[in-house]
Each structure stands twice: as C-alpha cells, then as structure tokens.
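The lines below spell out each chain.
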Amino acid sequence: MSPQPQAAVGAPLSRVDGRLKVTGQAEYAAELPHARTTSRGGTPILKGVVHAVIVDAAIGRGRITAIDARAAEKHAGVLRVIHHGNAPKLPYRDNAGSNNPQGRRLRVFQDDLVLFHGQPIAVVVATTLEAAQHGASLVKVRYDADRSSTDIAKAEPGEPTRYARGDAEAGLSSSAVRLDLTYELARNHHNPMEPHATVAQWDGNRLTVWDKTQWVMGTHDEIAAVFGLPADAVHVINPFVGGGFGSGLRCWPHTIVAALAARVTRRPVKLVLSRKQMYFGTGFRPAYEYRLRLGSDRRGRLNAAIHDIDAETSSYETFNEAVMLAGQMLYSMPNVRQAYRQVPLDVSTPIWMRGPGFASASFVIESAMDELAHRLDMDPIELRRRNEPSQDESTNEPFSTRRLSECYTVGAREFGWDRRHPEPRSTRDGNWLIGLGMATGVYDPGRYPAQAQARLDADGTAVVKAATSDMGPGTYTSQTQVAADALGLTMRTVTFRLGDSRYPFTSPHGGSSTMASVGSAVVDACNKVRQQAIRLAVEDRESPLYGVAADDVVVRNGRLHVQNTPARGETYQSLLARNDRSHLEANGSYDGPGGDRSAYFAYNATFAEVAVDATLGLVRVRRMLGVYDAGRIISPKLAESQALGGIVGGIGTALLEQTVTDHRDGRIVNSSLADYLVPVNADVPDLKVIYLDGEDNAGNLLGVKGLGEVVQVGVAAAIGNAVFNATGRRIRQLPITAEALL
C-alpha cells in the first residue's frame, strides 16, 4: 500500500480549540447552564438549576452523633439539607470495571462514620449559590471524635510489595563504595485552574452528568454502580477540562453527592468544589519516606541497591503507584531488593499526579546517583553512562528504544555542561552561589484499549468521535492532525469530538496513554473510511480511478489520485455524489500492545542551573533544559508546551509545594493558593526543550511514546543536584527550603 501523505502530523499547528478558550466559548462544567438551546448529543437544555454546597467533617476520625439542620432549612432559598439521617440508601453495586483503588468506597451519606477531616457529611441545596453557602454554614454537627492518625512517620505500615533479583545484602556488603540515604518527600496537590464541578440532571430513572473528569467512561461506570443503574441510563458529558494533572482520574464523592441531591430535589443540581475543598476532596501525590542503600565499585559500576519505601494511603482504600519500576530498570546492576509499603492514615485517598511514582522515585535515585558521583570524583553523566543496561534487567526484555546516551550528549552540549565546576561552592555571582545539576528521567507510557468512529460526509468533511478527554495537552488538536492525514483531508475539514460517554469507549486520559491508544484507534477508523472510498472508486466504471490497484491510490486534500500520477483522480465529493452516498463510516479500535514484548519507556535528561543566596538560603532557578526520547512527535507546538509545563511542575515539587497537616485533627493547614505555593512566571525565567527525532513503533500505530509524564520526572532531582553543586549542602527532602539550607 502506498504511504498516505502526512501534511498535518509533525507540523507545529495551533490548537483547534484555542479560539473557543480565549473567547470564553469553551463550556466547562462549572459554567453550566449555558446559552445554547440544546446541549451536545441532544440532551435538553438545563432549566431550573439549583446549587449545592457540601458540609465538610470538622474532625479527623470518629462518628457523627447529631446533625442540626433546622437553621439552614429555614434560611431563604434553601430547599433541602441532605445527610446520612435522611438520604436514600444507595446500592453501591460492585463494579470490577470502575476506577476505584483497591478497597471499599467512601459511601457518602450512608452512615455516621467520619474517616478523614473534610469528608462530605451533608449537602445544602438552594436556589442560589449564596443561599447554599450560607445554609451550609448554619448546619451544626456534633461528633464522637477518635484520635486520628495522619503522620506517616508515626503510623504502622501495611504488608510490603516486594521485588528482588540477586542477593542485595551480599552485593552491598561487597561494594567498595556504599551509601545509606533517607529521603522525605512532601505530599503535593494538583491545583488545576478549573475547580472540580458536577452538574447532575435526572429524567425519570435516567441520569445525565456534566463532570470535570479525565475518564468519562470510568465516571460513567462508577455512577452506574453506585446508583444501581444500567449502563444506558447514565450519560456523562465532558467536552473541556481546565487542567487535571491526574486529579480527574477517578469519580470523586462530590459527583455522587450532586447526583444524589438531584434525585432528592428532583431538580438539576450544580456542585462546584471550593479551592479549599479540593485539598481533601480530589486526591493528591502521596508523601513518601524512602530509604535507599546503594553500592558500587570504585569505577562507578553499580553493584547493589536496597529500596525501602513507605507511602501514605487512606484507611479505607489502598492506593498504589509505580514507584518501584525506575529502581528496577533504569540502571544496570545485578542485585536489587525493594519493599514498598502503604501506610494507612485517616486521610482522603491519594491519586496519581503527573509522573506518578516515577517522579517521586527519580528524586531519590537521581539524587543518590549524584551523591555517588561526587564520592567517586566522577562526572555525573559519566557515572550514568557506565551503568547503561543493554536490556530491561527486571524483565529481560529488549528496550523498544532507549536513547539516553543521545539525550546526555545533546543536553550537555546545548546546556554548556562543560562549564560546570565539579567542586561545590566554587562559582559565585556576587552574593549568589551558582550550581549546575542534571538528572535522568524515565516513565512507562500507557497503551490501553480504545475505540473511535469516523464519518466522511458527502460534502468532503469528516467527524471523528471518541470518549476521551482533553485536560490541556491538546487532544482535540493532535487527534485532528492524525485523522486529517489518515483521511487525506485538511485540518479545517475534520472535526474531532470527545468527552461524551455515548462516544466510542476509551480508557483513562492519563498515564501518557492518549496519543498511543486513542490515536491508534482514530488511525484505524480513518484508514478504514479512506479504504472504503478507494475501493468504491476503483470499482466504479465512471471513476477516473476505475481499475487502478487500490494500493496505488492515496488521498491528499480530499482528492483521491494515483500515487505517481496526481492528475488521475477525483474528490471525495464527486465520488460520493455519483454513487448516491450521503457518507462513509467506520469504527476503529486499538487493543493495546498485544504481543509486543519490548520494554516501552520514554526517557529524558534534565539540566538545571540555580542560584542560591549565600546569606538567606533562597534558591532561584536560572535556566533549565530537557532533552527527550519520546518517539514520534505528532504536534511539536503542543509537545513543547507539555515539556515546559512539566518542568514548571517539577520546579514546584522541588522548591515550593508541600501540603501541611495539623496532626491533632487531620486539618490541612495551607489549603489555599495563598498558602500552598506553586510556581509563577518569576520562578521560571529560561526554559528550553528538545525532542529527539525518531519513532517507537512498539505496540502502536503512530510510532509515539506518551510524553505528558516523563517531562516532569527528574526535574526535582536536577534542581536538587544543582543546589548541591552551588552550596555543598545535600538536601534529602522535598521541597528544598531556605531553612534546610541555612
């Protein structure tokens, strides 16, 4: 088959949804109801929407002994106050396909148990938001409080998940150089611009939900399970997401609360979490205590590593993330032992956050590698090169691609690594101590089953649908690029639609999986439509392409023609009109990597230059560079934006972000953007990113690797290593604070 021309893929195109966003026409859940007469998919316009505000538990653990809602119910505009004493009982049907972590769900308003500070214990529904807010403040709750456990350092961990190869204790004992290091990593919260919000509307026993989610189908399945509804009775709509970073990867309690309130009041209900409520209502990157013992010979060849990892989880669910994998495959060594333990606490359940598992592990491993390089008086890049594996030593599988050496070479050249002085505290700029650092990043991008539908209409335009999301990476744009090239159309003649549970099934929009998974399904669907048109043409006696071998026909700008004879051909419009076809349509699918047995990872080398005030201990990032092995780049403009955002997130993890808990009652002390610090423009003066040219065809049709996660992995370690080079102080906690440096 002749290769289909690629005009859109690889081009630095602007976002197709950009105008909608900058003009305020993009529809987010919290902005409903809106001015349109009907919503997408024919759902009736929302009328008579009322507002709901959650009442949060004021203790960290215990039972509710009484709820006095009389004052709230008398307040003007308040319709109902719903709590465990008057809420209908829900079936909470078991749902093996739902997106819950292991354990039992938080069953909102079903009993008097309080499992964490901030847990939803009641909801006030009113005709206005202001009435609902004031009504919530009038609800009086009495508790029988127990002592809560929220300190990972003082709680009892669960049984570990283990991994081992070789004899790590013996390997460590025989190593000429040994390190024994303990790290503390603070909890991080996602803080997307768009708050989590749900609008719920019942029509008899059918429920429509407009929700901020990164997994339309997961939210759909969870709602169906909680309310005991058949799948076709639930409709989830989610056309736009204003940032997620992992916070929308499961259905949270507030979505169930909104649907429950809508059922009780028989009105459409809008529920928008406050910024404060997002700190205990939608998950977080868990805190870690991580001990790493590392051994090598005097030439820097790694011999053994022992990882002891403790991570917080909730008391009612067990949350896991891939924190062990980097320690198993990133560097070559014969002896590895790991124990990963969840520590149950009286907190809400964590959730995946950008670069989950790998971002946390990378700070530990890459900081330790830098410390080992300093102990050996060796360049940190050279140490890493000496420990490059030839295959994934945890599975004995070959790497699909692994171009870390090239990342190091390109990064060192472009960053000016040769100007780094290896002796700490050797470079100054006035009162500022200057340091350079680097780190390696790795992530295993997801490849999950997905489906798509493509329709080519007689006017030569196409619509492609899939139930995925776009939380910001540019799914609308990148999938339109893929579809346009597969169909042989221009970008302006293709519309990609997403965010609707009635569209073809897709897996979560997270884990760097969307391009490989949904993109492969889109390519499959569009290829089928194009091939239908080609077959129609070559079998049509009136077509200029009659009798031509189908494999010799390509489509460009909506015109089918012979590969080497462009003049011989016709347009989609003329072909469909002559054959009295209103459209051509096909369903596409992607089943996952299938029989691919390669180790499929994305990689980076991240470089940082920092300045540290010698008197005050303040750290300022001066410049950063990331070099990435991420396969084929579908949209360079979007890819650069992803990398810049990942670096900014890593700066936050390294220097600013930490959730502070009052361990007396589990209250989050800094649950606002005034007190929980995130990077601003002044914190990120000079960022540069480079993607290596190439493809990775392991188990997907596009040659891509997901790149949304790997761009944050290693950033915090590169900054920490630069701080050491500047000051001679090795900080083994995140974030790195002025207090720790003084």
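Residues numbered from 1 in each chain as written. Predicted model: local features only at pLDDT ≥ 70, side-chain atom pairs only at ≥ 80, totals over all residues. Heavy atoms only, no water.

**Observations regarding the sheet that holds strand β5 (residues 113-114)**
The strand order across the open sheet formed by 3 strands is β5-β2-β7, and the pairing between neighbours is antiparallel. This sheet does not close on itself; its edge strands, each paired only once, are β5 and β7 (140-145). By the bridge criterion, 2 bridges tie strand β2 (residues 62-68) to β5 in an arrangement that is antiparallel. Note on β5: the bridge partner recorded for G62 is V114. (Pairing = 2+ DSSP bridges. Helix = DSSP H or I, 4+ residues; strand = E, 2+ residues; numbered from the N terminus.)

**A few points about the pairing of strand β27 (residues 602-613)**
Where burial is concerned, most of β27 is hidden: 12 out of the 12 residues are buried. One ladder, built from 12 bridges, connects strand β19 (residues 432-443) with β27; its direction is antiparallel. When the sheet's bridge partners are listed, L433 is paired in β27 with V612. Pairing of β27 with strand β28 (residues 619-629) involves 10 bridges; the strand directions are antiparallel. (Buried < 20%, exposed > 50% of the residue type's maximum accessible area, 1.4 Å probe, protein only.)

**A look at the pairing of β2**
Looking at chain direction, β2 and β7 are connected through 6 bridges and run antiparallel. From the neighbouring strand, I64 faces β7, where its bridge partner is Y143.

**Side note on the packing of aromatic side chains**
What the rule picks out here adds up to 13 aromatic pairs. Ring geometry for F116 and Y316: centres 6.1 Å apart, planes at 20°, overall stacked. Of this pair, F116 sits in the loop between β5 and β6 (120-126) while Y316 sits in the loop between β15 (302-314) and β16 (317-318), and the two are 200 residues apart along the sequence. A residue is classified by how much of its surface remains accessible, and Y316, at 6% relative accessible area, is buried. (Phe/Tyr/Trp six-rings, centres within 6.5 Å; stacked < 30°, edge-to-face > 60°.)

**Brief notes about the packing of helix α15 (residues 636-655) against helix α16 (residues 715-727)**
In the contact formed by α15 and α16, the axes pass within 8 Å of each other and the chain directions differ by 55°. With respect to their mutual orientation, α15 and α16 come out oblique. Two packed elements cross with a definite hand, and for α15 against α16 that hand is right-handed. When α15 is examined against α16, the residues G646, I647, G650, I651, T653, A654 and L655 are found in contact with a partner set consisting of V715, A716 and I719. A class-by-class count of the residues in the contact of α15 with α16 yields 7 nonpolar, 3 polar and no charged. (Axes fitted to C-alpha atoms, helices over the stretch in contact; angles between N-to-C directions. Parallel < 35°, antiparallel > 145°, perpendicular 65-115°, else oblique. Left-handed = near helix turned anticlockwise from the far one by under 90°. Contact = heavy atoms within 4.5 Å. Nonpolar A, V, L, I, M, F, W, Y, C, P; charged D, E, K, R; others polar.)

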